[in-house]
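Breakdown of the fold
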Amino acid sequence: MLYTQNMNKNLKNFLQGYLNVEVAHDDMNEVVATLRTMTPEFRQDLKEAFADLLAKKYLTVNDYFELTLYAFDSEGLMYDYLSKVYAFLYEGLEHQPYLPD
């Protein structure tokens, strides 16, 4: 909970809004399209905050559950998924990542 209170607001809202358990299996191409409508400053801030999260790995599975209501079995699985989401959004990963069943 400590990290989610202090994390980047745009990243926190992104995780809650677009990666929560209710919508995480939806077409992520729509998320990409939505991001393109945001200001360049917002997009850059989100990208940097997301990259920082992946580099520092400060979010726990409990924090992620608090934000998204999805419970990963391990932080390794969680960060693997988040890395794929980042790659899909920013690096041209061809296929959308999905939450593990």
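Refer to the preceding data block for the structure.
Figured I'd write up the structure that's included with this text.

So, how was this worked out
Residues numbered from 1 in each chain as written. Predicted model: local features only at pLDDT ≥ 70, side-chain atom pairs only at ≥ 80, totals over all residues. Heavy atoms only, no water. Core = buried A, V, L, I, M, F, W, Y, C linked by side-chain atoms within 4.5 Å. Buried < 20%, exposed > 50% of the residue type's maximum accessible area, 1.4 Å probe, protein only. Helix = DSSP H or I, 4+ residues; strand = E, 2+ residues; numbered from the N terminus. Contact = heavy atoms within 4.5 Å. 1 Å grid on protein atoms, 1.4 Å probe; cavity = no way out; pocket = protein on both sides within 12 Å on 5 of 7 lines; lining within 4 Å. Points joined across faces, edges and corners; volume = space filled by probe spheres on them. Nonpolar A, V, L, I, M, F, W, Y, C, P; charged D, E, K, R; others polar. Polar contact = N/O pair within 3.5 Å; in protein donor to acceptor, adjacent residues only side chain to side chain. Salt bridge = Lys/Arg side-chain N within 4 Å of Asp/Glu carboxyl O.

**Let's talk about the nonpolar core**
One broad rule of soluble globular proteins: the nonpolar side chains tend to lie buried together. Judged by nonpolar contacts, the single largest core of 31 residues is most densely connected at Leu15, Tyr64, Tyr81, Leu82 and Leu89. Elements with a minimum of two residues in this core: α2 (9-18), α3 (28-37), α4 (40-56), α5 (61-68) and α6 (75-90). The element that contributes the greatest number of residues to this core is α6, accounting for eight residues. Not counting the four nearest positions on each side in its chain, tyrosine 64 is found in contact with Leu15, Leu19, Leu59, Leu69, Tyr70, Phe72, Met78, Tyr81 and Leu82.

**Quick notes on the layout of surface pockets**
The computed volume of the largest pocket comes to approximately 190 Å³. What lines the largest pocket is Asn29, Val32, Leu35, Arg36, Arg43, Gln44, Lys47, Phe88, Leu89 and Tyr90. Contributing elements (two or more residues each) for the lining of the largest pocket: α3, α4 and α6. Its residues assigned to classes, the lining of the largest pocket shows five nonpolar, two polar and three charged.

**Here's the deal with the side chain of glutamine 96**
The topology assignment puts glutamine 96 in the segment after α6. In this structure glutamine 96 comes out as buried when scored by relative accessible area, which is 12%. Engagement of the side chain of glutamine 96 in a polar contact is seen with the backbone oxygen of aspartate 26, the distance being 2.7 Å. Here methionine 28 takes part through its backbone nitrogen, which lies 2.7 Å from a polar atom of the side chain of glutamine 96. With residues near it in sequence (within four places) discarded, glutamine 96 still touches Ala24, His25, Asp26, Asp27, Met28, Asn29 and Phe88.

**Quick notes on the pattern of salt bridges**
A side chain of one charge can pair with a side chain of the opposite charge if their charged atoms are brought near each other. Applying the stated criterion across every chain, the model contains two salt bridges. The salt bridge partner of aspartate 52 is lysine 56, with a shortest N-O separation of 3.0 Å. Of the two residues, aspartate 52 and lysine 56 both sit in helix α4, four residues apart, roughly one turn of that helix. For aspartate 80, the salt bridge identified is with lysine 84, shortest N-O distance 3.2 Å. Placement of the pair is aspartate 80 and lysine 84 together in helix α6, with a separation of four residues, close to one helical turn. By relative accessible area, which is 37% here, aspartate 80 ends up partly exposed.

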